[in-house]
Amino acid sequence: MSFRNLSTVDRILRIVLGAVMLALGWSGWIGGVGQIALEVFAWVPLVTGLIGWCPFYAILGFSTCRPRRP
């Protein structure tokens, strides 16, 4: 049984977004509260992209994966 609800494209976009957010936060290019917010919230898309499962999608019953054929 597979618990993944993210397609490959969705996973790649989340991983890239999370990495960019972390890079911006760690570089100090954005300061103050924005820097802290980027450093904290960047982990959400990064981790969901790496594991292939989004809890928000699961709550809504949504999936970007193609349906499996029997």
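That block above? That's the structure.
In this report, the structure presented in the accompanying data block is examined. Remember, it's a predicted structure, so these values are computed and weren't measured experimentally.

Our focus in this paragraph is the environment of Phe41. Topologically, Phe41 is positioned in helix 2 (residues 33-41). Sequence separation between Phe41 and Gly61 is 20 residues, and the spatial gap between their C-alpha atoms is 23 Å.

Further remarks concern the packing of aromatic side chains. Describing an aromatic ring pair means giving the distance of the ring centres and the angle of the ring planes. All told, the structure shown has two aromatic pairs when counted by the stated rule. With 4.9 Å between their ring centres and 85° between their planes, Tyr57 and Phe62 make a pair best called edge-to-face. Residue Phe62 is classed as partly exposed on the basis of its relative accessible area, which comes to 43%. Over the ring of Tyr57 we find Arg14; its NZ or CZ atom is 5.1 Å from the centre of that ring.

Before going further, it helps to examine the packing of helix 2 against helix 3 (residues 43-51). As a packed pair, helix 2 and helix 3 sit with axes 5 Å apart at the nearest point and diverge in direction by 15°. Between helix 2 and helix 3, the interaxial angle falls into the category roughly parallel. In this structure, helix 2 uses Glu39, Val40 and Phe41 to contact helix 3, whose residues at the interface are Trp43, Val44 and Pro45. Partitioning the contact of helix 2 with helix 3 into residue classes produces five nonpolar, no polar and one charged.

Now for helix 1 (residues 8-27). With 20 residues, helix 1 extends 28 Å between its outermost C-alpha atoms, agreeing within 8% with the 28 Å of an ideal straight helix rising 1.5 Å per residue. When helix 1 is considered as a whole, its buried residues turn out to be Asp10, Arg11, Arg14, Gly18, Met21, Leu22 and Gly25. Buried residues in helix 1, looked at end-on, bunch into an arc of 100°, giving them a common side. Across from the buried face of helix 1, at angles greater than 90 degrees, the exposed residues are Thr8, Val9 and Leu13. If you follow the buried residues of helix 1, they end up packed against helix 2, helix 3 and helix 4 (55-60). Looking one or two residues past helix 1, Gly28 carries a phi angle of roughly 80°, positive in sign.

What counts and how
Residues numbered from 1 in each chain as written. Predicted model: local features only at pLDDT ≥ 70, side-chain atom pairs only at ≥ 80, totals over all residues. Heavy atoms only, no water. Helix = DSSP H or I, 4+ residues; strand = E, 2+ residues; numbered from the N terminus. Phe/Tyr/Trp six-rings, centres within 6.5 Å; stacked < 30°, edge-to-face > 60°. Buried < 20%, exposed > 50% of the residue type's maximum accessible area, 1.4 Å probe, protein only. Lys NZ or Arg CZ within 6 Å of the ring centre and 35° of its normal. Axes fitted to C-alpha atoms, helices over the stretch in contact; angles between N-to-C directions. Parallel < 35°, antiparallel > 145°, perpendicular 65-115°, else oblique. Contact = heavy atoms within 4.5 Å. Nonpolar A, V, L, I, M, F, W, Y, C, P; charged D, E, K, R; others polar. Expected span 1.5 Å × (residues − 1). Arc of directions from axis to C-beta.

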